[in-house]
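Structure at a glance
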Amino acid sequence: MATMNATTLFGIVLSGVNVLMLLALTLVWLRNYRTFRTPLAFGLLAFGGVLLVENALAIYFFFSMRMLFSPDPTVQTVVAVLRGLQFVALGLLTYVTMK
């Protein structure tokens, strides 16, 4: 089993925060879809659901087998940066959605 480094831990923490934001967003979009039944609301609901599953699976694989991504430090850094970019995008989307 590979040892956990700070970059890997940072990436998994970001995935957890992303899951929380996606839960909030998906619930809002579900409520909007139930109210308005528009294709845009359905698209946002589907988008949130897919990203929610993706982040949840990343967390699951990290804790179950730790082999979703290469243990190479460069790969782990890239994964953490991608999770960080997703966090920024979801943070902005959460802010404007909840406003």
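So, a few notes on the structure that sits alongside this text. For clarity, every value in this text was computed on a predicted model and none was experimentally measured. Here the residue numbers are simple positions, counted from 1 along each chain's written sequence. Selection of residues for local features in this predicted model requires a pLDDT of at least 70, selection of side-chain atom pairs for listing and counting requires 80 or more, and totals for whole chains, interfaces and linings are taken over all residues. The side-chain numbers reported here are obtained from all heavy atoms of the structure, hydrogens and water having been left aside.

With that settled, consider the pattern of salt bridges. A pairing counts as a salt bridge when a side-chain nitrogen of Lys or Arg comes within 4 Å of a carboxyl oxygen of Asp or Glu. A full pass over the atoms with the stated rule returns one salt bridge. As a salt-bridge pair, Glu54 and Arg83 come within 3.0 Å of each other at their nearest N and O atoms. One end of the pair, Glu54, is in helix α2 (residues 39-64); the other, Arg83, is in helix α3 (residues 73-98), and 29 residues separate them in sequence. Strands here mean DSSP runs of E at least two residues long; helices mean DSSP runs of H or I at least four residues long; both are numbered from the N terminus.

Take the nonpolar core next. One finds Val19, Met21, Leu22, Leu25, Val28, Trp29, Leu45, Leu51, Leu52 and Leu90 forming the largest nonpolar core, which totals ten residues. Put simply, the parts of the chain that give this core at least two residues each are α1 (6-36) and α2. Among the elements that line this core, the one with the most residues is α1, at six residues. Residue contacts follow a heavy-atom distance rule, with two residues in contact if any of their heavy atoms lie within 4.5 Å. Not counting the four nearest positions on each side in its chain, Leu22 is found in contact with Gly48, Leu51, Leu52, Asn55 and Leu90. We define the nonpolar core as a collection of buried residues of types Ala, Val, Leu, Ile, Met, Phe, Trp, Tyr and Cys that are connected through side-chain atoms lying within 4.5 Å of one another. Note on classification: 1.4 Å probe, protein chains only; a residue is buried when its accessible area is under 20% of the maximum for its type, exposed when over 50%, partly exposed between these limits.

Turning our eyes to something else, we now look at a nonpolar patch on the surface. Here the term patch refers to residues with relative accessible area over 30% and no salt bridge, with like charges joined within 9 Å and nonpolar side chains (Val, Leu, Ile, Met, Phe, Trp, Tyr) within 5 Å. Here the Shrake-Rupley method, with its probe set to 1.4 Å, supplies the accessible areas, and only the displayed protein chains count as covering residues. A cluster of nonpolar side chains, Met4, Leu9, Val13, Val17, Phe87, Val88 and Leu92, forms an exposed patch at the surface whose accessible area comes to about 590 Å². Taken together, the elements giving at least two residues each to the nonpolar patch come down to α1 and α3. Among the structural elements, Leu92 can be located in helix α3. The exposure class assigned to Leu92 is exposed, which follows from its relative accessible area of 55%.

We now examine the packing of α1 against α3. Axis lines are fitted to C-alpha atoms, over the contacting stretch for helices. Their N-to-C directions set the angle, which ranges from 0 to 180 degrees. Packing of α1 against α3 leaves a shortest axis separation of 9 Å and a crossing angle of 25 degrees. By the angle class used here, α1 and α3 are roughly parallel. Note that α1 runs across α3; the crossing there is left-handed. Any residue outside Ala, Val, Leu, Ile, Met, Phe, Trp, Tyr, Cys, Pro, Asp, Glu, Lys and Arg is labelled polar, Gly included; the first ten of those are nonpolar and the last four are charged. Looking at side-chain class alone, the contact of α1 with α3 contains 14 nonpolar, twelve polar and one charged residues. For classification, angles of less than 35 degrees are called roughly parallel, those exceeding 145 degrees roughly antiparallel, those between 65 and 115 degrees roughly perpendicular, and all remaining angles oblique. Definitions for this section: a left-handed crossing has its near helix turned counterclockwise from the far helix by less than a right angle. A right-handed crossing has that turn clockwise.

This brings us to α3. Expected span of a helix, by definition, is 1.5 Å for each gap between consecutive residues, and there is one gap fewer than residues. The first and last C-alpha atoms of α3 sit 37 Å apart over 26 residues, in line with the 38 Å expected at 1.5 Å per residue. Residues of α3 that are buried: Gln76, Val79, Ala80, Arg83, Gly84, Gln86, Leu90 and Thr94. Where α3 is buried, its residues meet α1 and α2. Counting of polar contacts relies on pairs of N or O atoms within 3.5 Å, with two restrictions inside protein: one atom must be capable of donating a hydrogen and the other of accepting it, and residues adjacent in sequence are counted only when both atoms are side-chain atoms. Two or three places before Thr74, at the opening of α3, Asp72 has a side-chain oxygen 2.9 Å from that residue's backbone nitrogen.

What follows concerns α2. Here α2 is 26 residues long and its end C-alpha atoms lie 37 Å apart, about the 38 Å a rise of 1.5 Å per residue gives. When α2 is considered as a whole, its buried residues turn out to be Ala41, Leu45, Gly48, Leu51, Leu52, Asn55, Ala58 and Phe62. Buried residues along α2 sit against α1 and α3.

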